[in-house]
Amino acid sequence: YQRRVRGWTCNVMSAKRRKAEQQTKPSHAEALNGYDSGNFSSIKMLSLEGKVALVTGACGWLGKALCEGLAEAGCTVVASSRDEVKATTAASKLPRHRGGGQHHGVKLDHTTPEDLKAGFDAAVAAAGTLDILVNNGLEGAYPGESGELDIGSTTFESFHRHQVNNAGYFGLAVMLRDHVVAESKPGCVINIGSMYGQVGSYPEVYSDTPYASPVAYHCLKAGTIHMTRHLAVYWGKDKVRVNCLSPGPFPGASAPAEVVERLEEKVPVGRMGLPHELKGPLLLLASDAGSYITGQNLTVDGGWTAW
């Protein structure tokens, strides 16, 4: 049945249904009866054949690689953007795996409730169903983008502009959870966090440059990481896994050389990350290879947070 909670419509599993499911769940002893880890191929567990994923922010520097990684594993991808033409173009360029279906592009703005619902419904209508959600879209500036306000000049409006992202991530996560529960199948939510949701930045990296590491971005990503944990503990019983993938420094080609050099000095491996290096970690979290992983934050940062 459905319940309205603070403006959100949530599907709630009845106590009767939950009890019935608990009674049919095999005991650990039953699960071990005849068990052989050799029956579970790591290659097959990493496959996403037959799965459908919605990826927000699919046209960006990292979003493109995330979509590619899913498609290469056999997943049907619904690429979303605030620009429908860009989304459709991005989807048309994705590789078609023999087990995957046609990819789709939809318009979705996760910062407004109306567009949020319309975009999610459009994704389901286009692909027929959804199994995986990747919350990657971002409203606001990334660290290192020119013109972004630093901690000494951040305005209320700038700060607020960043935080609306988590409301959108939550709204889409609720929709994915309700969708898979209604279809009686497992689901997977992957939120994109950041190393800057876990540690403060080095002021000297951005000093004397027109770039900044926005305090609003740090707060946003810290909230994303903790929301991941909170949803995971509530939705585990619904067979919905919720994890966070946190990239470290992955600057694009437009990043100023001076800032990149300063960042490289702070990374144990001595270099910046490249988008393709997120594909493997994403597949771990999205596939059956990560079937016992939920509520976790997987950081891919070249060792940045190990200092």
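Throughout what follows, the structure given in this document is the object of discussion. Not measured: the values here are computed from a predicted model.

Conventions used here
As a convention, each chain's residues are numbered from 1 in the sequence order in which they are written. Owing to the predicted nature of the model, reporting of local features is limited to residues with pLDDT of at least 70; listing and counting of side-chain atom pairs is limited to 80 or more, with chain, interface and lining totals taken over all residues. Note: side-chain values were computed over all heavy atoms of the structure, leaving out hydrogens and water. For this document, the term salt bridge refers to a Lys or Arg side-chain nitrogen within 4 Å of an Asp or Glu carboxyl oxygen. In this text, helices come from DSSP runs of H or I with a minimum length of four residues, and strands from runs of E with a minimum of two, each type numbered from the N-terminal end. For each residue, the accessible area found with a 1.4 Å probe, counting protein chains only, is set against the maximum for its type, and the residue is called buried under 20%, exposed over 50%, and partly exposed in between. Counting rule for disulfides: a pair of cysteine sulfur atoms within 2.5 Å. Residues are treated as being in contact if the distance between any of their heavy atoms lies within 4.5 Å. DSSP bridges decide pairing: two strands pair if at least two such bridges lie between them. Axis geometry follows a simple rule: fit a line to the C-alpha atoms, using only the stretch in contact for helices, then measure angles between N-to-C directions, giving values from 0 to 180 degrees. Between the rings of Phe, Tyr and Trp (Trp by its six-membered ring), a pair exists once the centres lie within 6.5 Å; its type follows the angle of the planes, with under 30 degrees stacked, over 60 edge-to-face, and the other angles tilted. Any Lys NZ or Arg CZ found within 6 Å of a ring centre and within 35 degrees of that ring's normal is scored as a charge over the ring.

1. Points about the pattern of salt bridges
Stage number 1. Applying the stated rule across the entire model yields 14 salt bridges.
Stage number 2. In this structure, Asp238 engages Arg177 in a salt bridge whose closest nitrogen and oxygen atoms are separated by 3.0 Å. With Asp238 in the loop between α9 (215–235) and β8 (240–247) and Arg177 in helix α7 (residues 156–182), this residue pair connects regions lying 61 residues apart in the sequence.
Stage number 3. Judged by relative accessible area, Arg177 falls into the buried class, the value being 6%.
Stage number 4. The residue Lys185 makes a salt bridge to Glu183 at a minimum N-O spacing of 3.1 Å.
Stage number 5. With relative accessibility at 18%, the residue Lys185 sits in the buried group.
Stage number 6. The class of Glu183 is partly exposed, set by a relative accessible area of 37%.
Stage number 7. What you see here is one network of salt bridges that share partners, running through Lys64, Glu68, Glu72 and Lys279.

2. A closer look at the state of the cysteines
Stage number 1. Using the criterion set out here, one finds 0 disulfides in the structure.
Stage number 2. The thiol of Cys59 is unpaired, and the distance to the nearest cysteine sulfur, on Cys67, comes to 7.8 Å.
Stage number 3. Residue Cys59 is classed as partly exposed on the basis of its relative accessible area, which comes to 35%.

3. Section: the environment of Met272
Stage number 1. Looking at the secondary structure, you find Met272 in the loop between α10 (257–264) and α11 (279–286).
Stage number 2. Setting aside residues up to four positions removed in sequence, Met272 forms contacts with Pro249, Pro251, Val260, Leu263, Glu264, Val267 and Glu277.

4. As for the pairing of strand β7 (residues 187–192)
Stage number 1. Buried residues dominate β7, accounting for 6 of its 6 residues.
Stage number 2. Side-chain alternation along β7 places Gly187, Val189 and Asn191 on one buried face and Cys188, Ile190 and Ile192 on a second face that is also buried.
Stage number 3. Relative to β7, strand β6 (residues 132–135) runs parallel, the two being bridged by 4 bridges. Along β7, the bridge assignment pairs Leu133 with Val189.

5. Re the sheet that holds strand β3 (residues 52–55)
Stage number 1. The strand order across the open sheet built from 7 strands is β5-β4-β3-β6-β7-β8-β9, with neighbouring strands paired in parallel fashion. The open sheet terminates on both sides in strands that have one partner only, identified here as β5 (104–107) and β9 (297–300). Between one strand axis and the next, the sheet turns through 20 degrees on average, direction left out of account.
Stage number 2. Note: β3 against β6, 3 bridges, orientation parallel. Within β6, the residue paired with Ala53 across the bridge is Ile132.
Stage number 3. Contacting β6, β7, β8 and β9, α11 runs over the sheet at an angle of about 165 degrees to β8.

6. Remarks on the side chain of Thr224
Stage number 1. Within the element layout of this structure, Thr224 appears in helix α9.
Stage number 2. Not counting residues within four places of it along the chain, the set of residues in contact with Thr224 comprises Asn166, Tyr169, Asn191, Ile192 and Cys244.

7. Focus on the packing of aromatic side chains
Stage number 1. For the coordinates displayed, the defined rule picks out 3 aromatic pairs.
Stage number 2. Judged by centre distance (6.2 Å) and plane angle (85 degrees), the rings of Tyr196 and Trp304 are edge-to-face. Remark: Trp304 occurs in the segment after β9 and Tyr196 occurs in the loop between β7 and α8 (203–206); sequence separation between them is 108 residues. The burial state of Tyr196 is the same as that of Trp304; both residues are buried.
Stage number 3. Look at Tyr202 and Trp304: their rings are 5.6 Å apart centre to centre, the planes differ by 65 degrees, and that puts the pair in the edge-to-face class. On the criterion of sequence distance, the pair formed by Tyr202 in the loop between β7 and α8 and Trp304 in the segment after β9 is long-range, its members being 102 residues apart.
Stage number 4. For Tyr202, a relative accessible area of 26% puts it in the partly exposed group.
Stage number 5. Of the aromatic side chains, those joined through ring pairs into one cluster are Tyr196, Tyr202 and Trp304.
Stage number 6. Its end group placed over the ring of Tyr202, Lys266 keeps NZ or CZ at 4.3 Å from the ring centre.

8. Comments concerning α11
Stage number 1. Among the 8 residues of α11, 6 are classified as buried, and the element is accordingly described as predominantly covered.
Stage number 2. Looking at α11, one finds that the buried residues are Lys279, Pro281, Leu282, Leu283, Leu285 and Ala286.
Stage number 3. On its buried face, α11 is in contact with α4 (61–72), β6, β7, β8 and β9.

9. A word on unusual backbone geometry
Stage number 1. Of note in the backbone geometry, Asp208 takes a positive phi value of approximately 60 degrees without being a glycine.
Stage number 2. In the Ramachandran plot, Lys239 falls in the positive-phi region, its phi being about 65 degrees despite a non-glycine side chain.
Stage number 3. Note that Lys239 resides in the loop between α9 and β8.
Stage number 4. By relative accessible area, Lys239 is classed as exposed at 57%.

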